[in-house]
Amino acid sequence: MRRSRLLLSAGLMLMSTGLASAQNNTQRNLILFIPDGLRALKVSPETAPAMAEIRDKGINFKNPHSLFPTFTMANGSAMSTGHYLGDTGVFSNTIYTAYTSVPAGDTVVPFIENDAVLGDIDEHFNGNYLNEDTILKLARDMGFSTAALGKHGPTYQFDHTDRPDQAGLHSIVLDDATGGKHGVPLSEEMKAALTKAGLPLATPSRGDNAKAGDAKTPGTTVANVAQQAYLADVTTKVVLPMFKARNKPFVLVFWSRDPDGSQHNTGDSLNQIKPGINGPTSMAGIKNADNNLAQIRKALDELGLSASTNIIVSADHGFSTISKESKTSPSAKVSYDDTPKDFLPMGFVALDLAKALDLPLFDPNDKNAKVEGNKHPKAGNGVLGKDPTKPDVVVATNGGSDLIYIPSKDRKLARKVINALLAQDYVSGLFVHDDLGNFPGTLPLSQLSLKGKAATPHPAIVVNFRSYASDCGEAPTNCSVQVADTVLRQGQGMHGSFSRGDTMNFMAAIGPDFKAGYVDELPVSNADVGATAAKLMGLTTKPKGSLIGRVMTEAMPNGETPKAYVGSVKSRPADSGLRTVLNFQRVGSQRYFDVAGFPGRTLGLEADDKTKTAGK
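Residues numbered from 1 in each chain as written. Predicted model: local features only at pLDDT ≥ 70, side-chain atom pairs only at ≥ 80, totals over all residues. Heavy atoms only, no water.

### Thoughts on the sheet that holds strand 6 (residues 250-256)
Spatially, 5-4-6-1-7-20-2-21 is the arrangement adopted by the eight strands of the open sheet, whose pairing is mixed. Lying at the two open borders of the sheet, with one neighbouring strand each, are strand 5 (172-174) and strand 21 (518-520). The average angle at which neighbouring strand axes cross in this sheet is 10°, direction not considered. Relative to strand 6, strand 4 (residues 145-150) runs parallel, the two sharing six bridges. Its bridge partner being in strand 6, serine 145 is matched across the sheet by phenylalanine 250. Here helix 10 (residues 225-246) sits on the sheet in contact with strand 4, strand 5 and strand 6, set at roughly 180° to strand 6. (Pairing = 2+ DSSP bridges. Helix = DSSP H or I, 4+ residues; strand = E, 2+ residues; numbered from the N terminus. Axes fitted to C-alpha atoms, helices over the stretch in contact; angles between N-to-C directions. Contact = heavy atoms within 4.5 Å.)

Written out as structure tokens, the structure is:
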């Protein structure tokens, strides 16, 4: 409780007075550029010159942190609100909503990277499923020009409560769905401006970049060039000139799908760990995102906006190569038509739990059809119990970590689930809702700021999967490999784990309100990005939750440079000797989560002689 009060008071104090009034009443603009899935140590003057220049000439956030679970929508919610996931309720890309979402395909476990699904969830959670205001909404309410362009889902999340059919100021939103039936409508002003610029009114598709392949067919070998070129053109040829003509401050978000999309679907190493996400397709994705950023900076220069515009570049998470290997999983011993022999199938957690708990398994993405024989859930999600409409256990499949919900909050059932998971070599760390109690081998959700004022249901258990570094010849975080519960294949890319490869995202900044050529050694996170954005623009809010990021004052001229500390939390050992360990850094009362899991099973968390590890 004391920590919550401290965070709340500090957050309100720092967010209440913007630099606009502190520095000669000069109002600034802000661009937040998100290169989805960009690993910090993959950026160099050769691989990504535009991002390297911002890092080297502006602020090099050398100690960055993606929030766990390290997924897109989760970290997008932190950047858009300045709050940790326990407040935003976006615990992953697929969550349990406790009602059937029609736009998501009549399922209780919707994949939320979708505008229509976000609108549907809003309706079921008092008009704002995040339960906190976003920086774009706050800026729009203050009369600023606002826009969000980029990847479907996280882009719209930055101003998802905006209703263009109602009177008032509105954000410009362009993403994959623009021009389609479920896209955010374009204003007449935007339609006319796009037409004048010779740009279409609909976003082009990803083309071959969207091809993920299958167990026998490699995925893509091209970056998402055409789609992102369109969005960059809209930004530089339409939106920025329009904002300049309005002659008032603006906030613009550009969410680059690359390198994430190219790393996920890479066809460079089908069913092989190497080169994995370090192949030519992934590198092309990094260069594609960098080209978009360079184009935006060039437009700022030509429009005379550079001197008044702050730019924050922050990836939502790092990335890892997928492994589908397990020696203990019962599901890996079953033959599936679409899965190589002895590899983990899609939905292995749901399958293995159903067997361990002796409960029927139903597929919430297939009209609750029963999963039997050599079948697996279509999207990996599962509802376990005799009645699929009243499940005992719900598994939300995500990738490098999964969410498990126990609607009844039955402590005995939770213990059975935990014991079943502790027996699997693909698990590396378990986090359990505080209200269920303290179980050996696990840590509580509150240790990760995952227990807060969220409107959506909190998970009962968050399962982190095993990770390690391959011998790819680069820094360990660039060589990260993780077991992943996904339809994607071994050798393709994923994230979501507590590996340092996934928590170490790229972060940098430049602009009139940032120091020049400064290396920031302090820990920073994506929640800090949202809090700092609010500070820079002078935005004020009345938060419902108290899990708020800090303003990165050390990166600002004459700003305070606080001290940082390191710490660790260890669970009681389970009967097997396994214990969940969390390594973190601290600034004031705020924690930054480096790595967590079972020592020896998580990249960055080395084994010790007193702790058992599996697969060794």
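### Comments concerning the state of the cysteines
Enumeration over the complete set of coordinates arrives at one disulfide. Paired through a disulfide, cysteine 472 and cysteine 479 show a sulfur-sulfur distance of 1.8 Å. A torsion of -65° about the S-S bond marks the disulfide between cysteine 472 and cysteine 479 as left-handed. Among the residues examined, cysteine 472 registers a relative accessible area of 23% and is labelled partly exposed. The buried category is assigned to cysteine 479, whose relative accessible area is 3%. (Disulfide = S-S within 2.5 Å. Buried < 20%, exposed > 50% of the residue type's maximum accessible area, 1.4 Å probe, protein only.)

### Let's talk about the nonpolar core
Among the nonpolar cores identified, the biggest contains 46 residues, and Ile112, Tyr129, Phe431, Leu448, Phe498 and Leu582 are the most heavily contacted of them. Within the residue set of this core, elements represented by two or more residues are helix 4 (72-81), helix 6 (115-124), strand 12 (393-396), strand 13 (401-405), strand 24 (581-587) and strand 25 (590-597). Those residues in contact with phenylalanine 498 that sit more than four places away from it in its chain are Phe68, Phe431, Leu448, Asn464, Thr503, Leu582, Phe593, Asp594, Val595, Ala596 and Thr602. Listed in part, the 43 residues of the second largest apolar core include Ile31, Tyr230, Leu300 and Leu303. (Core = buried A, V, L, I, M, F, W, Y, C linked by side-chain atoms within 4.5 Å.)

### Structural notes on the environment of proline 340
Position of proline 340 among the secondary structure elements: in the loop between strand 8 (320-323) and helix 13 (348-357). For proline 340, a relative accessible area of 26% puts it in the partly exposed group. Along the backbone, proline 340 and valine 551 are 211 residues apart, and their C-alpha atoms lie at a distance of 48 Å. Beyond its immediate sequence surroundings of up to four residues, proline 340 is in contact with Ala215, Asn271 and Arg489.

### Some details on the pairing of strand 16 (residues 461-465)
When you tally the buried positions in strand 16, you get five out of five residues, the bulk of the element. Taking every second residue as pointing to the same face, both faces of strand 16 are buried, with Ile461, Val463 and Phe465 on one and Val462 and Asn464 on the other. Relative to strand 16, strand 13 is paired through four bridges, and the arrangement is antiparallel. Looking at strand 16, one finds that leucine 403 is bridged to valine 462. Examined bridge by bridge, strand 14 (residues 427-432) and strand 16 share four bridges and lie antiparallel to one another. Paired with valine 427 across the two strands is phenylalanine 465, which belongs to strand 16.

### Thoughts on the confidence of the model for the protein chain
Taken over all residues, the pLDDT of the protein chain has a mean of 94, while the share at 70 or more is 94%. Ignoring residues within four places in sequence, the model shows residues 1-24, a span with pLDDT below 50, making 43 contacts including any to other chains. In this model, residues 609-616 is a region of pLDDT below 50 whose contacts with residues beyond four sequence positions or in other chains number 14 contacts. (pLDDT = per-residue confidence, 0-100.)

### Looking at the pattern of salt bridges
Note on pairing: side chains with opposite charge can pair once their charged atoms come close. Going through the model one piece at a time under the given rule, you end up with 24 salt bridges. Across the salt bridge formed by aspartate 176 and arginine 257, the nearest N and O atoms sit 2.7 Å from each other. With a gap of 81 residues between them, aspartate 176 in the loop between strand 5 and helix 9 (188-196) and arginine 257 in the loop between strand 6 and helix 11 (260-264) connect regions that are remote in the sequence. For arginine 550, the salt bridge goes to aspartate 528, with nearest N and O atoms at 4.0 Å. Separated by 22 residues along the polypeptide, arginine 550 in the loop between helix 16 (526-537) and strand 23 (564-570) and aspartate 528 in helix 16 bring together distant segments of the chain. Judged by relative accessible area, arginine 550 falls into the buried class, the value being 8%. Via salt bridges that share partners, Asp36, Glu113, Lys151 and Asp260 belong to a single interconnected network. (Salt bridge = Lys/Arg side-chain N within 4 Å of Asp/Glu carboxyl O.)

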